[in-house]
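These are the residues of each chain, in order.
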Amino acid sequence: MSVYNRSSRYERILRKKKKILRRRRRLSAAVMASAAMLAGMFFFIQSSISGEKGNIGGEKNADAALSGAGAAVDSNDAGTADSGEWNLILVNPWHEIPEDYEVELTELKNGQAVDSRCYPELQQMMDDCRADGLNPVICASYRTMEKQQALFNDKKRRVIREGCPASSADEEAAKTVARPGTSEHQLGLALDIVDLDYQQLDTRQEETPVQKWLMENSWKYGFILRYPTDKSNITGIIYEPWHYRYVGKEAAKVIHEKGICLEEYLENDPEES
Ligand SMILES: [Zn+2]
């Protein structure tokens, strides 16, 4: 499969991106501290006004909250998100998340958390979706390596219970749950979003009003439907009409307009040509 041939190229891109990210992190450390304070104040005021309450059950407006400690919006990066590289980091079955990957998280009201740099656009997307009368629910977001490992182990146990021989349980589980280290959720840039009225993670999710809205509009906020039905052979992941990935507005626009996936977009990365 052509994916394998691309791998060294991706690794080069990845290395370059990591370097840029590290440099930018150093530069923006001071800005981040003050931005965190400002953002914390802003969202405290905002949530006081709207009177929203945190919950886990997935009620409306459940995802908007900054936790005090550790929450930050990197305003330095926010303005350059489209040209930045952190948003294009590739994690898939052939590209593990870098071991030293660090992420600054913003906690959502329902207990979920995302990379702080994509938080403002995520919140805007959720607000606009709700303004159109819909009820999106974020049911998965950032995961630690331990969490991904636990999910994978659970899946393995389940497939064995369902009759799969232990020797091939690993492979079978990996068809639906990413192996630890290869899940985009570990980046903090991926979200599973479902409709309040239909919360099953199956292909029928695509028929819900929330998914229809997201598929039409998410790119405007820098998010893409990461695993389209016709790209499974490239992404290595089955069709998931609920998994959205932040890539920044510029990339999302191109990916949406051309009907390509992230792997295909990176292959044509202008930076590389
Ligand atoms: Zn997902």
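Residues numbered from 1 in each chain as written. Predicted model: local features only at pLDDT ≥ 70, side-chain atom pairs only at ≥ 80, totals over all residues. Heavy atoms only, no water.

A. Looking closely at the coordination of the zinc ion. Looking at the metal site, the zinc ion is ligated by His 185 (NE2), Asp 192 (OD) and His 243 (ND1), spaced 2.0 to 2.1 Å from it. Spacing between the donor residues of the zinc ion along their common chain follows H-x6-D-x50-H. The residues His 185 and Asp 192 share a single accessibility class, namely buried. (Donors = N, O, S within 2.8 Å, 3.2 Å for Na, K, Ca; no water. Buried < 20%, exposed > 50% of the residue type's maximum accessible area, 1.4 Å probe, protein only.)

B. Inspection of helix α6 (residues 209-217) at higher detail. For α6, the complete set of buried residues consists of Val 210, Gln 211, Trp 213, Leu 214 and Asn 217. Each buried residue of α6 lies within a common arc of 160° when the element is viewed along its axis, so the set occupies one face. Turned more than 90 degrees away from the buried face of α6 sit Lys 212 and Glu 216, all of them exposed. Buried residues along α6 sit against α3 (119-131), β3 (136-140), β4 (190-195) and β6 (243-246). (Helix = DSSP H or I, 4+ residues; strand = E, 2+ residues; numbered from the N terminus. Arc of directions from axis to C-beta. Contact = heavy atoms within 4.5 Å.)

C. Broad picture of the packing of aromatic side chains. Under the criterion given, the structure shown has three aromatic pairs. Both rings, one in Phe 223 and one in Tyr 246, keep their centres 5.1 Å apart while their planes meet at 70°; by these two values the pair is edge-to-face. Of this pair, Phe 223 sits in strand β5 (residues 223-225) while Tyr 246 sits in strand β6; the two residues are 23 residues apart in sequence, bridging distant segments of the chain. Feature note: the residues Trp 86, Phe 223 and Tyr 246 constitute an aromatic cluster, connected by ring pairs. The residue whose ring lies beneath Arg 117 is Trp 86, and the NZ or CZ to ring-centre distance is 4.2 Å. (Phe/Tyr/Trp six-rings, centres within 6.5 Å; stacked < 30°, edge-to-face > 60°. Lys NZ or Arg CZ within 6 Å of the ring centre and 35° of its normal.)

D. Expanded view of the pairing of β3. Most of β3 is tucked away, with four of its five residues classed as buried. Alignment of β3 against β4, held across four bridges, turns out to be antiparallel. Across the sheet, the residue bridging to Val 137 is Val 194, located in β4. (Pairing = 2+ DSSP bridges.)

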